[in-house]
Structures are given as C-alpha cells and as structure tokens.
2 protein chains.
Amino acid sequence: MRTPSEVHSRRGFLRGTAALYAAGSNVEAQERATQQATEQAVAPGEVTRTLARYLVAAKPGDLPENVRREGVRTLVNWVGCALGGSKEDAVSNSLAALTPIYPGGKTTILGRREKLDPLHAALVNGISSHVLDFDDTHLKTVIHPAGPVAPALLALAEQQKVTGPELLHALVLGCEVECRIGNAVYPQHYDVGWHITGSVGPFGAAAAAGKLLGLDEQKMLWALGLAASQPVGLREMFGSMTKSFHPGRAAQNGLTAALLASHGFTSSEQAIEAKRGWANVLSTSRKYGEITGQLGQRFETLLNTYKPFACGIVTHPTIDGCLTLRAAYKLKPEQMESVELTVHPLVPELTGKTAPTVGLEGKFSIYYIAAVALITGAAGQSQFTDKLVHDPGVIGLRDKVHLIVDKAMKEDQTRVSIRLTDGRVVTQMVEHAVGSVEKPMTDAALDAKFLDLASVALSPVRARKVLALCRQVETLPDAAAIARAAAA
Amino acid sequence: MRTPSEVHSRRGFLRGTAALYAAGSNVEAQERATQQATEQAVAPGEVTRTLARYLVAAKPGDLPENVRREGVRTLVNWVGCALGGSKEDAVSNSLAALTPIYPGGKTTILGRREKLDPLHAALVNGISSHVLDFDDTHLKTVIHPAGPVAPALLALAEQQKVTGPELLHALVLGCEVECRIGNAVYPQHYDVGWHITGSVGPFGAAAAAGKLLGLDEQKMLWALGLAASQPVGLREMFGSMTKSFHPGRAAQNGLTAALLASHGFTSSEQAIEAKRGWANVLSTSRKYGEITGQLGQRFETLLNTYKPFACGIVTHPTIDGCLTLRAAYKLKPEQMESVELTVHPLVPELTGKTAPTVGLEGKFSIYYIAAVALITGAAGQSQFTDKLVHDPGVIGLRDKVHLIVDKAMKEDQTRVSIRLTDGRVVTQMVEHAVGSVEKPMTDAALDAKFLDLASVALSPVRARKVLALCRQVETLPDAAAIARAAAA
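As the structure is a prediction and not an experimental result, all values here were calculated from the model. (Residues numbered from 1 in each chain as written. Chains lettered and ligands numbered in written order. Predicted model: local features only at pLDDT ≥ 70, side-chain atom pairs only at ≥ 80, totals over all residues.)

(A) Expanded view of the overall build of chain A. Across its full length, chain A carries 24 helices and eight strands. Dimensions along the principal axes, computed over C-alpha positions, put chain A at roughly 75 × 50 × 40 Å. Residue burial in chain A is summarised as follows: out of 488 residues, 60% are buried. A sequence separation of at least 24 residues applies to 79% of the contacts in chain A between residues at least 6 apart. (Helix = DSSP H or I, 4+ residues; strand = E, 2+ residues; numbered from the N terminus. Buried ≥ 20, exposed ≤ 12 C-beta atoms within 10 Å, placed from the backbone. Contact = placed C-beta atoms within 7 Å.)

Okay, here's the thing in structure tokens:
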C-alpha cells in the first residue's frame, strides 16, 4: 500500500529546502557553506579519498554540541521506531526465514526474543525501524538516515567493545556520508527510481562500521568501494515489505563491506567518482562538492527531522491544529458539534476515506484522523488500531468532520474550525505542522513518541530504561547496553 | 589488475554473436526463435509474471538432452573454478572476516576446511569461482552464468534434501533467467558500468533457489522482486577483489530473496518491467521479448562457453596453435630453434610483457605463454606459477619467440610458425581457438581443466571423485554429495 507520506514526501517538502538551513542556529553561515560546497572544485579522483581521510581522522570530541544533540535525537527516534515496528509481519516473516538458519545467534533483535547473527540482525532491525514509515527524514533528499546506519552499529557493539560516545560519533558520521552522497545525486537519482535510503545506505553503514573497526585510510577506501557495489532498493517496491527491507539490507551490506575491508579485501579507491563508479552509474547528475565540502564543519545531521504522527505528512497540519485547539480549550468530545477542515486538494486525494474499517485504513481517512486526535490527544501508532476505528465515540465525532477543499491553501497549511455545543466557534490556522523543519519536535514530544512506539514491545518500565540509555548514550561505557535492554 | 580477457571480451566476442546459434544442433530454428523472441509483443506488466509462471511450472524432465548435457558441463566447469580459486587471497581474506562470526557454520566452502552459514558460504564459493577469471561465459552478454547460481544451490542442498536432477534443473533455470534478463538490457546496461554478472545474478539465484524451495507463483514473484532490489557490481571494481565479490554476493542475495519470499515476505509483482522497476532504473534500453520469448524452448544455456586456458582470450589462438603443432609433430623443446607468431595488434598491446617475473605476470606475456604451452603442453592455472616463469628451459624458449604484428589478422586468428633445428618450418593457422563458440572445449578437455584446477585444493583421487559426482549429477539422490566431497 502506498502511504500518503510516500507519494507526497518530495513534493511537499522540497519547497522547504531553502528554508532548511534557516532552521539551524547560524543561518547565514550554513547557507554560505552549502553554496560554497556546491560550487567548490574537487580534485579529480579524490572524492572517495577525501571522504575516507575525513572519516579516519574524525574524533568524537570534534562534533559540535548541537550536532551531538541532534545525533542523540536521531538515536532516540530510531530505537523507538525499531521497537514500534518489531511486531509487524515484515519482521516476523524475515525472522521466520532466518532464525532456523541461525539458531545460535547472539545479536539482539529490538523488541523481540529471537536473536540472530550480527549481519542478519542488522538486516532485521533495519526492516523493523522503517516498516511503519515513522523514522527520521533528511528532507533535502528524503533519505531516512538512521535506518541503514544504526542497526549496523548496534550489531557491531554486541560483537566488540564500543562506548556510547563512539557509537554516537559513528552514527553521525554514517548519516553525514549518506546525506552528502545523496545531496550529490538528488533529485535525478531518486527520480529515476532508486530508493535513495537503500542506495546510499551502504556507504553510511560502511563508514560508520568502518570507524568502529578502526579502519585506516586504505581500508576505509575499500569499505566504501565494497559499499558502492551493493546499492539496494527500487522505488517500485514501495507498498510492499521490500521497502522496509532496503534500509536493513543497506545496513547489512555496509557492515559486510567494513568487515571484509578490515581483513584486507580490496576494492576500488575511487568508488564514488570513477568513470564506472557509483555516481556515474547510478545517476545522471553529480555535485561532488556536496560530498567533500566543509567536512567536519557543515553537518547534514542538523537537518534530520522526525515525524510526530504515525500517518502521512499531508495530514500533519490537521493533526497539529486539532491538538492545539484541544489543549487550548480543554475540549471534550461531547462539546464538539462539528469540525471543519480547510485543506489543500491533496488531502482528500490521499486521505479521503470516510469510514475506515481496520487500523491501517485509519491512516488514509482525514476524518478519522481529526476525530481520533481530538478525542485522544495524540496521533501515534496507538491511534491506528482496529479497535479504535470501531470505537463509537470516535466514529461519532468522525462523522461530524467536514472538508473544505481550497486550492489557495498550501500543502502544509490547514485551518481547523470547531463549532462547540455552546455556540462558540474556535479556529486554528496552521502554517507548518510540528515535526516540520520550521517547527521541530521538542525533546519531550520525541520522548513521548518513543514511549508510545516502545509500548508495542516493552513494559513501560523497560521502555523508560531504554529511552534513558539512548538519552544518556554519551555516558555509556558499553553502547551494547541499549540493544540488550531493548530485547523483549 | 585488468586482465586481457576483461578488456577485450566484448570487442572480440561480439563479432561472433551471429554465429553463436549456429553452434547449436538445430541452427535455423534457433535463429528464427531468437528473432521472434526479440520482436514478440509482451503484455504490459506481465514480464515478471510470465517468467515466474514458467519457473514454477518447469520440470526437470522438460529439459532437452542437449541442454542437460550443457548444464552438466557448466557444473563441472564451475566446481573446477571454485576449487582452483579456493586458495586465493580474496577467499582467504573473506574467510578471515567471516569465520569468527560463524564459528558453528556447517556449509562447505569448496576446497577449504572452513565452513560457514549457508548464506555466506554462497558468497565465498561465488568469490572463489570467479577470482581466477576462468569461469563460464555467456558470450552474448559477457555474463558468467554459473557464478551467482551454483553457490546458492549447493548451499541450499546442504540445508535440505535436493536430488541431483533437481539441482541440475535449477542450475539451468537460474542461468536462463540471468541470461535472458541480460539479453534484454545488453549492451547499454553493461556499457554504463554495471558488472552484469552481479546485476542480473540475484535474479538467477532467486529463481534457482526458489525452484528448490518449491515457491508458488506468488512467492516466486516476490523472490524476483527482492532480487531486483539487490543488484550487485560496478565495473569500476575490475582489478580488485571486489570483482569476484560480485557473483558471490549475487548468489547470497538471490538465496536470501528466495528464503524470505518462501516465508511470505512480500515484494513487487512487476519488479522487472515496472516504471521504476529493475530494467527501467538500471538500463536505458529493454527488449522484454528476450525474457519471455520461447520459454522452455530456447535455451541460453546452450550458448554457455568455458575457457580452456587460464589467461586472456586474446592469447587463446596462439596457445591453440602451439598445442596443435606440439601434438602433431611431437615437438621437444630442444628441437625448436625459433617461434614466430603472426598476430593482431591487440596481442602485444595486452600481452606484450617480454620477461615476466611472477606467475601472474606470465598471463600478460605472449612470449612466455607460447613457450610454456610448447614445453608443458598446457596453459592452465598450473602454468602460471612463480616457479615456472623462472624455469631456465621455459625462459630459453620464451626468448626465441618473435611477434609479427599484422593488422590484417583478425583478433581471433594467429599463425604459429616454428623453425626446427633440422631446418624444417612447421606452421599452423588458427581461425578460432578452442573454447570459442565455433570450437567448443571437448568433455575430455573440460575434465582435464577441472583436474588441473582441483589439484590446488584436493588430492588427485578426491579430485576425480568430485569430477565423477558432477558428471553423474543426474543420478545423485543427494546433490550435497558434491559439496561434501569438494571440502578440503
């Protein structure tokens, strides 16, 4: 099934690209840096080497504080998504296929009792983290950065000693590598049909795992070369389990690449930029300055975003408006006589279902979404259950939701007007929903999202423990503690 | 290092394409069938399904006798190459990386004592079989068909009961799928930079493994979909170990695809032909009739060829001429006063080294190659050792070899003239070397090649046993006997 976020993500988000850097702390400097990066001349044949050299030299202490903070948020969001997805069929089916082959596996599958070998654990945790389409997004490229990187790192942390700061550092480096290579080939590479998360993902995983393995420049080059030869993911797979397979397999491929390279398995030293290298074979356009410009100074990690709601982006302004009004007026279901949503035409096009009958269908009904948000005060994964779509109270309010389609509205705008039983009409105009670049999720909201997702697999006490470990990752002597605590 | 065969394979071989079908038993029928296949209209959206339906319905008994015979030859050649490559660094390094992770592995690595899990055993056996560049070639597409298929099948045969006829049938089906998809996108797909063996390989491995797993049409579609999202291999990697990684990883990817699909992991049902499917994303041209035309009637397996000599194709006519004269005149080294080779300009361009100092360099010296062939009566892997390139007898003859470069010669022609000490001059004109489409290797020559390669890893007795098992594959109740016998 094609979710609204998939169909819509690029069109809706790209408009915001110019504003993306404005969300950072030093707006103008970021804009200049990006511009320079794009224009910068790159020595021919030195793209991959420049990247490898940076990766080898980088140290955890080099990361600016705001980058480390965003890295922690990326980790929190990723672990939450992996726990939330851990009971889905895509995960259960892959475990059914793999556990008989790896009966003695010791590597954690988040939210599950089963264990696997490290390489397939990376695969399955990557599947789990993407299956709800709730994971992080680098909006400039629609890459989901953590999916291919974090599972490789956690798997490795259960194989060898990795400290929390080392894990966080490698996670940031992996995301940098993916997003920078993505920037270099976006949008052509995506437009032709590559699921960019899977096609750049092996580079990120190889870089991050290679960092933890302590690869030198030569071996890091080989790891990137092996990654280049293993792109994953066609957009044709969207709507099937194979979509979530992509970040998982990318994680596995990158980890394999780093492991082989660490044992002297040779590869190209110009894997990205060579005539028949990755960028020329997989894209018709290339901006190498995006890859090599301002390494260690400009951080794509700062542009990572997290979805607050477990449904398509197109519905987020509506949810934001409903939640704002509910909180401001302490609205109770019985107070609401009718709900009027003024929206862009894409909203009914993508989410026009009036009477959903199963939880997943609820995500495609703007009527249901508005009602459930107003009644429960949330729109997380827990709001899209079979039980809730049949709840009489929710159905009652759902049937009082009306749409006004207005072409003058922008895709990220919604006006929510609620007529109350006492005759008042309360209205909220939403310009940008929470979770957008302009209005990032707060740490508290991210933690609440984590706990909601984790509740699928863990007790509340355990979920809070895992959250605390993620939040305190920079103090952990052993990063594998996160994985161990996140097992069911 | 770029070997002559790599540089030269397309250019030299493609000229022979028109003649390829002529090598079959029913020349005109094959030519007509190919023509029809290319022109045939294919129902939109039915390419992948047509292939899946064929694969599911196909039965071992359906294969014509000549196809089964060629399948056996493909198996013999592949096992020989895997044994011959089993001591190479690419294999040792990958085992060094993987065996610590899979200490309890039970699946055979041909020619080695180490064992691995089935999926990584497929990877390493695939590496081993390609590392010498001595494996089979579908000349129309320069695909090495067995590399991605056979390792997946042997790994599976050690997991579940697979009879010899089932293994042979699956091998043929896998090769068909690869070569047909390759035909559909060749040469553009190869020209842009895909190592076609790795990019079509997952389809072949998924189809073959899926057949052994008994997938129904729905699951076979999913397996092909999962394969489509995992293409492997950039030509940039030629000259590094990653080149041989490609068929191995393709085998692993296809086997993974089939295993996941067998447990209900869903994927696209139009993975090959969809707008953002494999063929549109990875190639600028497509001939779908090549994939779906005359399934079960036209067999690409009949076009598979095997290299008789362990060096670049450009040297093969010279070797053929030398061996022919040696046998015809029972030549002894001391009888030969000088050797004159009349060759195409590419011969010195690619193999002009006059005094090689290590075994591998010998492959790039036409002087050494002619001398060693005349002295030993062979040009297998055993003729390219460090010891032999320093052998005084070989060096003595090597220095008596002279080239006459003649642009009028075709790339696959050589004239060998040897002046004998008694004043006679014996001459052999070679129009097509043995191993070409026009002059296939005999079964006896293939067996000799096998035994030479296998000697790297197995005792002569054991090597003969493995050869016998391959030759008798159609009588084996348990195909895993081949793998077990081929362990060191």
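So, next bit.
(B) View of the relation of the copies chain B and chain A. Least-squares fitting of chain B to chain A yields an RMSD of 0.1 Å, with the superposition described by an axial translation of 0.1 Å and a rotation of 180°. A rotation of that kind, with that shift, is consistent with a two-fold axis. Looking at chain B, 100% of its interface residues are interface residues in chain A too, so the copies touch through the same face. (Least-squares fit on C-alpha atoms with pLDDT ≥ 70 in both.)

(C) Just the domain arrangement of chain A, in detail. Domain parsing of chain A yields domain 1 (4–305) and domain 2 (313–430). Averaged C-alpha coordinates put domain 1 of chain A and domain 2 of chain A at centres separated by 35 Å. (Domains from an automatic or database assignment.)

(D) Local environment of the nonpolar core. In this structure, Leu153(A), Leu224(A), Leu153(B) and Leu224(B) are the most contacted members of the largest nonpolar core, which totals 314 residues. In this view, Leu153(B) contacts Leu167(B), Ala170(B), Leu171(B), Ala208(B), Ala209(B) and Leu212(B); residues no more than four positions away in its chain are not counted. (Core = buried A, V, L, I, M, F, W, Y, C linked by C-beta atoms within 7 Å.)

(E) Fine view of the confidence of the model for chain A. Residue and element names in this part refer to chain A. Across chain A, the average pLDDT comes to 91, with 91% of residues at 70 or higher. Taken together, the stretch residues 1–31 has pLDDT below 50 and engages in 53 contacts with residues farther than four places along the chain or on a different chain. Predicted as a complex, the structure gets a pTM of 0.89 and an ipTM equal to 0.88. (pLDDT = per-residue confidence, 0-100.)

(F) Representation of the pairing of strand β7 (residues 414–420) of chain A within the structure. Residues and elements named next belong to chain A. Bridge count between strand β5 (residues 336–343) and β7: seven bridges; the pairing is antiparallel. Its bridge partner lying in β7, Val 339 is registered against Ile 418. Looking at chain direction, β7 and strand β8 (residues 425–430) are connected through six bridges and run antiparallel. In the strand pairing of β8, Thr 414 is matched with Val 430. (Pairing = 2+ DSSP bridges.)

(G) Representation of the interface of chain B and chain A. Counting residues at the interface gives 46 residues for chain B and 46 residues for chain A. Mapped by element, the contributors of at least two residues to the side of chain B that touches chain A are α6 (89–98), α12 (217–228), α13 (242–262) and α14 (278–282) of chain B. Take the side of chain B that touches chain A: its biggest share by element is seven residues, from α13(B).

(H) Spatial organisation of the sheet that holds strand β8 (residues 425–430) of chain B. All names here are of chain B. Read across the open sheet, the four strands follow the order β6-β5-β7-β8; overall the sheet is mixed. Edge strands, defined here as strands with exactly one partner in the open sheet, are β6 (401–405) and β8. Neighbouring strand axes in the sheet, compared pairwise and without regard to direction, differ in orientation by 15° on average. When strand β5 (residues 336–343) meets β6, the two strands line up parallel, connected through five bridges. Within the sheet, the bridge partner assigned to Thr 342 lies in β6 and is Ile 404. (Axes fitted to C-alpha atoms, helices over the stretch in contact; angles between N-to-C directions.)

(I) Molecular detail of helix α5 (residues 65–85) of chain B. Under the 1.5 Å per step criterion, the end-to-end length of α5(B) is 30 Å for 21 residues, consistent within 8% with the ideal 30 Å. With respect to burial, α5(B) is a largely interior element, 18 of its 21 residues being buried. (Expected span 1.5 Å × (residues − 1).)

(J) Looking closely at the environment of Ser459(B). By secondary structure assignment, the location of Ser459(B) is in the loop between α22 (443–454) and α23 (460–471). With 79 residues separating them in the primary sequence, Ser459(B) and Gly380(B) have C-alpha atoms 17 Å apart.

(K) Structural context of the sheet that holds β7(A). All names here are of chain A. With mixed pairing, four strands are arranged side by side in an open sheet as β6-β5-β7-β8. Of all the strands in the sheet, just β6 (401–405) and β8 have a single pairing partner and so form its edges. Ignoring which end each strand starts from, the neighbouring axes of this sheet average 15° apart.

(L) Structural view of helix α23 (residues 460–471) of chain A. Residues and elements named next belong to chain A. For α23, built from twelve residues, the straight-helix expectation of 16 Å at 1.5 Å per residue is met to within 8% by its first-to-last C-alpha distance of 16 Å. Those residues of α23 not exposed but buried are Ala 463, Val 466, Leu 467, Leu 469 and Cys 470. One face of α23 carries all of its buried residues, which in axial projection span an arc of 160°. In α23, the exposed positions angled more than 90 degrees off the buried face are occupied by Pro 460, Val 461 and Ala 468. Of the surrounding secondary structure, the elements contacted by the buried residues of α23 are α5 (65–85), α22 (443–454) and α24 (480–486). (Arc of directions from axis to C-beta.)

(M) Up close: unusual backbone geometry. Residues and elements named next belong to chain A. For the peptide bond that leads from Tyr 186 to Pro 187, omega is 5°, which places it in the cis range. Assignment of secondary structure puts Pro 187 in the loop between α9 (164–185) and α10 (188–192). The backbone phi angle of Val 142 is positive, close to 50°, even though this residue is not glycine. In this fold, Val 142 is placed in the loop between β3 (137–138) and α8 (146–157).

(N) Representation of the environment of Pro440(B) within the structure. Residue and element names in this part refer to chain B. Position of Pro 440 among the secondary structure elements: in the loop between β8 and α22. C-beta crowding within 10 Å serves as the criterion here: with 18 such atoms nearby, Pro 440 is assigned to the partly exposed category. Residues Pro 440 and Glu 46, spaced 394 residues apart in sequence, show a C-alpha to C-alpha distance of 36 Å.

(O) View of the packing of helix α4 (residues 47–57) of chain A against helix α12 (residues 217–228) of chain A. Residue and element names in this part refer to chain A. Viewed as axis vectors pointing N to C, α4 and α12 meet at an angle of 120°, and their least axial separation amounts to 9 Å. In terms of their interaxial angle, α4 and α12 are classed as oblique. In this structure, α4 crosses over α12, and the sense of that crossing is right-handed. On the side of α4, the interface is formed by Thr 48, Arg 49, Leu 51, Ala 52, Arg 53, Leu 55 and Val 56, while α12 contributes Glu 217, Met 220, Leu 221 and Leu 224. Per-class residue counts for the contact of α4 with α12 are seven nonpolar, one polar and three charged. (Parallel < 35°, antiparallel > 145°, perpendicular 65-115°, else oblique. Left-handed = near helix turned anticlockwise from the far one by under 90°. Nonpolar A, V, L, I, M, F, W, Y, C, P; charged D, E, K, R; others polar.)

(P) Broad picture of the packing of α22(B) against α23(B). Residue and element names in this part refer to chain B. Look at α22 against α23: their axes get within 9 Å of each other, and the N-to-C directions meet at 135°. In terms of orientation, α22 and α23 fall into the oblique class. Crossing angle aside, the handedness with which α22 passes α23 is right-handed. For the pair formed by α22 and α23, the contact residues are Asp 447, Phe 450, Leu 451 and Ala 454 on the first element and Ala 463, Val 466 and Leu 467 on the second. Of the residues contributing to the contact of α22 with α23, the split by class is six nonpolar, no polar and one charged.

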